[in-house]
Amino acid sequence: MSLRHELRTLLRGALRPPENDSAFLLDVHRRAVPQERMARYDDSYPVDLVIVGAGAGGGTLAQRLARRGWKVVVLDAGPFWDPDRDWVSDEAGAHKLYWTEERITGGEDPVELGKNNSGRGVGGSMVHYAGYCPRFHPSDFEVCTRDGVGEDWPISYYDLKHHYERLELELPVAGEYWPWGDPHRYPHTAHPIAGGADAARGGARKLGIEMRVGPVGIANGSFGNRPHCIYRGFCLQGCKVNAKASPLVTHIPDAIEHGAEIRANCMVTHVELDESSGRVTGVRYLRDGHERFQRADAVAVAGYSIETPRLLLNSTSARFPHGLANQNDQVGRYVMVQGAPHIAGRFPEEMRMYKAPPPEISSEQFYETDERRGFARGFSIQTVGPLPIEHAQHVIGHGHWGRALREYMRDYNHWYTLGVLSELLPLPENRVTVAGGVTDQHGIPVARMDYSQCENDRKNIAFAKRTLHDIFEAAGAQDVLVTDRYAHLVGGCRMGSDPERSVVDADHRCWEVPNLFVADGSVMPTQGSANPALTIMALASRLAERLDLKRSSGGSESARQSRRSRRSRPVPMRAGGG
Amino acid sequence: MAGRDFREAAHLPNLRPGGEPASPEELPRQRNGVTPQMHGRYPDYNVLDEVDHWDEVTRRVVLERTENVPRIRFFSHGEAATLGAFCDVLLAQDREPKIPVLNMVDAKLFAGELDGFRFADMPDDRETWRRVAAGLDAAALQHGSIDFAGASQEIKEQVVEAFAEGTLHGQVWDELPPSRAWKVVTRGALGAFYSHPWAWNEIGFGGPAYPRGYARLGIGQRERWEGASAFETDPVKDTERRRVQGT
């Protein structure tokens, strides 16, 4: 073992992330993000950048650029959550964390939206994601070249690698040594796992399938002023502890400290275009029922794969009658979900799967193409810990209602559940459009999402389900229940190197509008079978680097001055002696 | 009445001839707190004994479900009768105490708390529930009953079975795809039933866990306050063992 490795092992969990004090800026005694010192910009003040959406993309971008002296305002349609006051340790009570405004879902294999994939409020859907933070594999960025499917990215894994490493320190991510993709270590040691995961891992091992603990965005131990995880299992209902990473606790506090304004409860309705110059001038938004306009030198949209295309499509003008940056009819296309069937297995012992965070162990052994399987690309295997309502939907999805349903549910404590994430391919007809004639409470046309699987998708999901079935059989499960579902959302404004076939370039800049950027998961041309959160953050982190580089080489004198004055801001007090 | 060994899975419908579940009447009666119909799979476990360990915000939300049953405001009297009977069959609530599922669904629909999507070939969830009520009555009529609520248990179960399998047809069902409608109404009904602490007692769920959390995560382990399953202790051996200790 090298000295470097020894040192890393010794320092595990003790390393502080560079250039991000979020965990230390939180209050020791309450969970809410301190906002007393937050900057407030006037609507008429032309900020350097206005960001739409304070989730994985918008939150990270704001923190990075605020650190570099940019004047940034982030608008979010939902509230600025106070975990103590707003969140409950209860499955049904988490309803308000989701985007619950009307959306229409169509196509041959329509996707259920809402709680499983759409967030609302500061922190975005990472507030209610499970916590898995895997990296994409190097192969994900060149699936067309390697496998003849999908599309190559205009960037490679190695453009994101150092952003992944930095974010893994910031969240921080805990897990065992990761042998798949680009092999790497995690800054925090793996968490203990519960009985069910132990049994499933044993079953997988008998079949020669390797499952590893992690990677999860939950500190192992306290982290700054974020307390230790208490293994209560309510990760999907919003972490009241502040142990699970979301931009709300990992990036927003530092963004505020460096002068960003997070303006909650502001629904952006229109990105405004100056017809003569072809540049955007700011955004129109609704706050307390009144329409307002925030001026900005540039706009970054980070509303996720449905709201981002919806906003662009609704932002029509004489120059862009079919939606902003949509001359080539690419906005809203190639939207993707992952096939995410759950398989539950019944064991003689009680497993009580409601305990411990749902993300425990995973395997990426089936991630890349294996021609013997008869389809391109692959899937990953992960644990999930459905609470009673979700498990009941699982049981009824298998055809059991009435007394059979009740009997299965009385048996809840004996069950354990695994899920897969199958990489489904990007298809042009899988798209977000605005529904003619149907409007939301503000009178804005709602989004419609159409989704259909292709043959490769069906084969992938079927194979993945058989694999899980085999794992449970090998683990000694007495009965098995299978349910089909989807998870995650990416694509819809993909990046590319051909303006005719993509919406943004490799630097997230819209081909058709020079100061309009897309900064969320909708830029992804393909999705791999990894959970997208960490990659969305890494993309935003890279975008910040690119934007600042361009600006410091070609920016105006006043911009440079404003950055310098921002840098002279006093260094924040660091609580906790960290 | 013989006890069951829950290490074996012989009570589960998939493993029984004909797919019929074991009778819940073989379980003991709930001894501590309430379960729906008082079936006692965890007869001495009452999650509401733990309320002092829950954070205040969660406690208010959960206790509201047991203390304040909202009155029906969204559905009409007739719709409520039909859908109430449907929820009873769907969730096998054949006697008191019952979790007031329809009242909870009604409150959500009345407040306009929807789930964030609707299928392109479906109306709004609120309209779907209303049409399901009409469709269930029409289906009962096809079986010779005047309406769903007044039908025999056998007819009700036949109608629900057809609904579950997506084979209802005629009138309402020609414009409302039954398999999609099934998803909408079961999502609402299950969300209400399994959010109720009485259902948590029945299934042995630990309930809210903030700020206490869990420490015993391993196979077969439980916190000292979590409930033991019925028949976990063989009464004969237990008595013998205790006598030995007592002398």
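Residues numbered from 1 in each chain as written. Chains lettered and ligands numbered in written order. Predicted model: local features only at pLDDT ≥ 70, side-chain atom pairs only at ≥ 80, totals over all residues.

K.L.:
What is the right way to look at the domain arrangement of chain B in this model?
P.N.:
By a widely used convention, the size of an interface equals the accessible area lost when the partners come together. The assigned domain composition of chain B is domain 1 (13-58 + 198-246) and domain 2 (77-193). With six residues of domain 1 of chain B in contact, the opposing surface of domain 2 of chain B contributes seven residues. (Domains from an automatic or database assignment. Contact = placed C-beta atoms within 7 Å.)

K.L.:
Any chance you could explain helix H11 (residues 388-397) of chain A here in plain terms?
P.N.:
Counting along an α-helix, one turn takes 3.6 residues, and residues three or four places apart therefore face a common direction. Among the 10 residues that make up H11 of chain A, eight are buried, leaving the element largely enclosed by the rest of the structure. Just downstream of H11 of chain A lies Gly399 of chain A, where phi reads positive at about 100 degrees. (Buried ≥ 20, exposed ≤ 12 C-beta atoms within 10 Å, placed from the backbone. Helix = DSSP H or I, 4+ residues; strand = E, 2+ residues; numbered from the N terminus.)

K.L.:
Mind showing me how you'd approach the interface of chain A and chain B here?
P.N.:
On the side of chain B, 57 residues touch chain A, which itself brings 66 residues to the contact. For the side of chain A that touches chain B, the elements supplying multiple residues, two or more each, are strand S3 (104-106), helix H7 (195-206), H11 and helix H12 (403-410) of chain A. Looking at which element gives the most residues to the side of chain A that touches chain B, the answer is H12 of chain A, with seven residues. For the side of chain A that touches chain B, the class distribution of residues is 26 nonpolar, 17 polar and 23 charged. (Nonpolar A, V, L, I, M, F, W, Y, C, P; charged D, E, K, R; others polar.)

K.L.:
What exactly am I supposed to notice about the sheet that holds strand S1 (residues 118-119) of chain B here?
P.N.:
The mixed open sheet is built from four strands, whose spatial order is S15(A)-S16(A)-S3(A)-S1(B). The open sheet has two free edges, formed respectively by strand S15 (431-439) of chain A together with S1 of chain B, since each of these has just one partner strand. Of the pairings in the sheet, the one linking S3 of chain A to strand S16 (residues 445-450) of chain A comprises three bridges and is parallel in character. In the sheet register, Gly106 of chain A faces S16 of chain A, and the bridge partner there is Asp450 of chain A. Its contacts with the sheet put helix H10 (residues 304-314) of chain A on S15 and S16 of chain A, and the angle it makes with S15 of chain A is roughly 60 degrees. (Pairing = 2+ DSSP bridges. Axes fitted to C-alpha atoms, helices over the stretch in contact; angles between N-to-C directions.)

K.L.:
I would appreciate a short explanation of the confidence of the model for chain A in the present structure.
P.N.:
Detailed reading of the predicted coordinates is not advisable wherever pLDDT falls low. Taken as a whole, chain A shows an average pLDDT of 93; of its residues, 95% reach a score of 70 or greater. Here residues 555-578 of chain A scores under 50 on pLDDT; set against residues more than four positions off or in separate chains, the count is 26 contacts. (pLDDT = per-residue confidence, 0-100.)

K.L.:
I would appreciate a short explanation of the pairing of strand S17 (residues 480-483) of chain A in the present structure.
P.N.:
When a strand is regular, its side chains alternate between the sheet's two faces. All names here are of chain A. Across the two faces of S17 the burial differs, with Leu481 and Thr483 buried and Val480 and Val482 not buried at all. Of the pairings in the sheet, the one linking strand S11 (residues 342-346) to S17 comprises four bridges and is antiparallel in character. Paired with His342 across the two strands is Thr483, which belongs to S17.

K.L.:
So what exactly am I meant to see when it comes to the sheet that holds strand S9 (residues 299-301) of chain A here?
P.N.:
Backbone hydrogen bonds hold the strands of a sheet together, and the pairing may be parallel or antiparallel. Residues and elements named next belong to chain A. Taken in spatial order, the five strands make up an open sheet running S5-S2-S1-S9-S19, and their pairing is parallel. Of all the strands in the sheet, the pair left with one neighbour each is strand S5 (261-263) and strand S19 (516-518). Strand-to-strand twist in this sheet, taken as the mean axis angle between neighbours without regard to direction, amounts to 20 degrees. Bridge count for S9 against S19 is three bridges, and the pairing is parallel. Among the inter-strand pairings, Val299 is bridged to a residue of S19, identified as Leu516.

K.L.:
I'm lost on the nonpolar core in this one. Help?
P.N.:
Within soluble globular proteins, side chains that are nonpolar tend to cluster in buried spots. Within the largest apolar cluster, 231 residues are counted, with the highest numbers of intra-cluster contacts made by Ile51 and Val72 of chain A. The element best represented in this core is helix H14 (residues 533-554) of chain A, accounting for 10 residues. Two domains each donate at least three residues to this core, and these are domain 1 (13-58 + 198-246) and domain 2 (77-193) of chain B. With sequence-adjacent residues up to four places away left out, Val72 of chain A is seen in contact with Val47, Asp48, Leu49, Ile51, Ala62, Leu65, Ala66 and Ala260 of chain A. (Core = buried A, V, L, I, M, F, W, Y, C linked by C-beta atoms within 7 Å.)

K.L.:
Honestly, helix H3 (residues 101-110) of chain B in this entry has me stumped. Any pointers?
P.N.:
Residues and elements named next belong to chain B. With seven of its 10 residues buried, H3 lies for the most part within the structure. Burial in H3 covers these residues: Val101, Leu102, Met104, Val105, Asp106, Lys108 and Leu109. For H3, the elements touching its buried residues are helix H2 (77-90), helix H4 (125-142) and helix H7 (178-193). One or two steps after H3, the chain reaches Gly112, where phi turns positive at roughly 70 degrees.

K.L.:
Got a minute to help me understand the confidence of the model for chain B in this structure?
P.N.:
Per-residue pLDDT for chain B has a mean of 92; in total, 93% of the residues score no lower than 70. As a predicted assembly, this complex carries a pTM of 0.94 together with an ipTM value of 0.94.

K.L.:
Would you mind going over unusual backbone geometry with me for this structure?
P.N.:
Negative phi is the rule for most residues except glycine; trans is the rule for most peptide bonds. Here the amide bond leading from Gly214 of chain A into Pro215 of chain A is cis, since omega sits at -10 degrees, within 30 degrees of zero. With respect to the element layout, Pro215 of chain A can be found in the loop between strand S4 (212-213) and helix H8 (247-250). Glu96 of chain B connects to Pro97 of chain B through a cis peptide bond whose omega is -5 degrees. Positive phi, normally seen in glycine, also occurs at Asp329 of chain A, with a value near 55 degrees. Tracing the sequence through the fold places Asp329 of chain A in the loop between H10 and strand S10 (336-339).

K.L.:
What am I meant to see in the packing of H11 of chain A against H7 of chain B here?
P.N.:
A pair of packed helices is characterised by two quantities: the angle between their axes and the separation of those axes. Look at H11 of chain A against H7 of chain B: their axes get within 9 Å of each other, and the N-to-C directions meet at 140 degrees. Judged by the angle between their axes, H11 of chain A and H7 of chain B are oblique. Seen along the crossing, H11 of chain A lies across H7 of chain B with a hand that is right-handed. Between H11 of chain A, through Ile389, Ala392, Gln393 and Ile396 of chain A, and H7 of chain B, the contact on the second element is made entirely by Thr186, Arg187, Leu190 and Gly191 of chain B. Among the residues forming the contact of H11 of chain A with H7 of chain B, the class breakdown is four nonpolar, three polar and one charged. (Parallel < 35°, antiparallel > 145°, perpendicular 65-115°, else oblique. Left-handed = near helix turned anticlockwise from the far one by under 90°.)

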